[in-house]
Amino acid sequence: AQSVAQPEDQVNVAEGNPLTVKCTYSVSGNPYLFWYVQYPNRGLQFLLKYITGDNLVKGSYGFEAEFNKSQTSFHLKKPSALVSDSALYFCAVSSRGGKIIFGKGTRLHILP
Amino acid sequence: DTGVSQDPRHKITKRGQNVTFRCDPISEHNRLYWYRQTLGQGPEFLTYFQNEAQLEKSRLLSDRFSAERPKGSFSTLEIQRTEQGDSAMYLCASSPGPTGNYGYTFGSGTRLTVV
């Protein structure tokens, strides 16, 4: 069975600093990995995905994620944080194109 | 087409009542998914359809839950004899094909409160 772990409930970063939100996964076979963001009172929005190819994936709003097969990780990154990036971030994994399993989420606070 | 629509946005019901939620996916999307999200947790998978066929159902889903997708278009999720533990946000998502190629598009959800 596939699973995702997000070890941090909350991450605080000063505006303008780089940010990292951590994610590790477990899945049989090749993973399909995703990051989603949830703003207050709004649905989940797709940020980026890794299916195959380059280990560094670029997505929406300047976010990127690095796939590391040996460490089974897929950390979300951004070089310079904005206050508007404050939200709830979910890492997710799918096996063989079936259902997506989500982590419990990490709340990102960007401090002005 | 403006996205995935869910109705109602909010539902308050008394314990023991039945409730039904509706999801209208993006029109060309053949896959439709239902998830449940409680406060402080990530979305939990409930079930999914490809066209009108229900392909998978979570063991989390008790016999009180049923979902349908007649004609492969909109879907309904019914909860019978609601319990307080059913209080959650119910999310619907759709995709044009397997999730390896496509991410999901989510609706805004239906928030259920059982009193």
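Predicted, not measured: the structure shown is a model, and the values here were computed from it. (Residues numbered from 1 in each chain as written. Chains lettered and ligands numbered in written order. Predicted model: local features only at pLDDT ≥ 70, side-chain atom pairs only at ≥ 80, totals over all residues. Heavy atoms only, no water.)

### Looking at the overall build of chain B
Threshold: A run of DSSP states H or I qualifies as a helix once it reaches four residues; a run of E qualifies as a strand once it reaches two. Both are numbered from the N-terminal end. Radius of gyration here is computed from C-alpha atoms only, and the compact-globule reference equals 2.2 Å multiplied by the residue count raised to the power 0.38. The contact criterion used is simple: two residues touch if any of their non-hydrogen atoms lie within 4.5 Å. Computed with the Shrake-Rupley method and a 1.4 Å probe, the accessible areas treat only the protein chains shown as cover for residues. This count recognises Lys and Arg as positive and Asp and Glu as negative, with His and chain-terminal groups excluded. The atoms used to mark charge sites are NZ of Lys, CZ of Arg, CG of Asp and CD of Glu.
A count of helices and strands for chain B gives zero helices and eleven strands. Ordered by position in the sequence, the α and β elements of chain B form the string β-β-β-β-β-β-β-β-β-β-β. Taking 115 residues into account, the globule formula puts the C-alpha radius of gyration at 13 Å, and chain B, at 13 Å, falls close to it. By its C-alpha atoms, chain B is 40 × 25 × 25 Å across when sized along the principal axes. Taking contacts inside chain B between residues at least 6 apart in sequence as the whole, the part at least 24 apart equals 54%. Of the accessible surface of chain B, which amounts to about 5800 Å², a share of 43% is contributed by carbon and sulfur atoms. Here chain B contributes 14 positively and 12 negatively charged side chains, and the mean placements of these two sets differ by 5 Å.

### Here we look at the sheet that holds strand S3 (residues 19–24) of chain B
Consider a sheet: its strands pair through backbone hydrogen bonds, and that pairing is either parallel or antiparallel. All names here are of chain B. We apply this condition: Two strands are counted as paired when DSSP detects at least two bridges linking them. Axis definition: a line fitted to C-alpha atoms, over the contacting stretch in the case of helices. Angles run 0 to 180 degrees between N-to-C directions.
Taken together, the four strands give an open sheet; going across it, the order is S1-S3-S8-S7, and neighbouring strands pair in antiparallel fashion. A single partner strand is all that each edge strand has here, and the edge strands are strand S1 (5–7) and strand S7 (65–68). Ignoring which end each strand starts from, the neighbouring axes of this sheet average 15° apart. By the bridge criterion, five bridges tie S3 to strand S8 (residues 75–79) in an arrangement that is antiparallel.

### With respect to the pattern of salt bridges
Residue and element names in this part refer to chain B. Spelled out, the test is: The rule for a salt bridge is simple: a side-chain nitrogen of Lys or Arg has to be within 4 Å of a carboxyl oxygen of Asp or Glu. Remark: exposure states derive from per-residue accessible area (1.4 Å probe, protein chains only) relative to the maximum for the residue type, with buried under 20%, exposed over 50%, and partly exposed in between.
Scanning the model with the defined rule gives nine salt bridges over all chains in all. Across the salt bridge formed by Asp-24 and Arg-22, the nearest N and O atoms sit 2.7 Å from each other. Note on Arg-22: relative accessible area 34%, which makes it partly exposed. Via salt bridges that share partners, Arg-64, Glu-83 and Asp-86 belong to a single interconnected network.

### Re the interface of chain B and chain A
For clarity, the threshold we go by: Summed over both partners, the accessible surface that disappears when two parts come together, traced with a 1.4 Å probe, is what is meant by buried area. Polar contact criterion, stated in full: a pair of N or O atoms within 3.5 Å, where within protein one must be able to donate a hydrogen and the other to accept it, and residues adjacent in sequence count only if both atoms are side-chain atoms. As a working rule, the residues Ala, Val, Leu, Ile, Met, Phe, Trp, Tyr, Cys and Pro are called nonpolar, Asp, Glu, Lys and Arg charged, and the rest polar, with Gly in that last group.
Residue-level contacts link 23 residues of chain B with 20 residues of chain A. Between chain B and chain A the total buried area reaches about 1500 Å² when both faces are included, carbon and sulfur atoms providing 54% of it. Put simply, chain B and chain A have one salt bridge between them. With a closest N to O distance of 2.5 Å, B:Glu56 and A:Lys99 form a salt bridge. The interface formed by chain B and chain A contains five residue pairs in polar contact (both at pLDDT 80 or more). In terms of residue count, the dominant contributor to the side of chain B that touches chain A is strand S4 (residues 31–37) of chain B (four residues). When grouped by side-chain class, the residues that make up the side of chain B that touches chain A number ten nonpolar, ten polar and three charged.

### Side note on the nonpolar core
Inclusion rule: Nonpolar cores were defined as sets of buried Ala, Val, Leu, Ile, Met, Phe, Trp, Tyr and Cys residues, with membership established by side-chain atoms within 4.5 Å.
Within the largest apolar cluster, 47 residues are counted, with the highest numbers of intra-cluster contacts made by A:Trp35 and A:Phe102. Element by element, the count of residues in this core is highest for strand S10 (residues 87–95) of chain A, at seven residues. In this view, A:Phe102 contacts A:Val4, A:Tyr36, A:Leu44, A:Phe90, A:Cys91, A:Ala92, B:Tyr35, B:Pro43, B:Tyr104 and B:Phe106; residues no more than four positions away in its chain are not counted. Membership of the second largest hydrophobic core comes to 19 residues, among which are B:Cys23, B:Trp34, B:Leu112 and B:Val114.

### A short note on the state of the cysteines
All names here are of chain A. For clarity, the threshold we go by: When two cysteine sulfur atoms are found within 2.5 Å, that pair is recorded as a disulfide.
A full pass over the atoms with the stated rule returns two disulfides over all chains. Each sulfur in the disulfide pair Cys-23 and Cys-91 lies 2.0 Å from the other. The disulfide joining Cys-23 to Cys-91 has a torsion of about -65° about its S-S bond and is therefore left-handed. With a gap of 68 residues between them, Cys-23 in the loop between strand S3 (19–21) and strand S4 (24–26) and Cys-91 in strand S10 connect regions that are remote in the sequence. A relative accessible area of 0% means that Cys-23 is categorised as buried.

Such coordinate-based values are descriptive only and should not be taken to indicate function.
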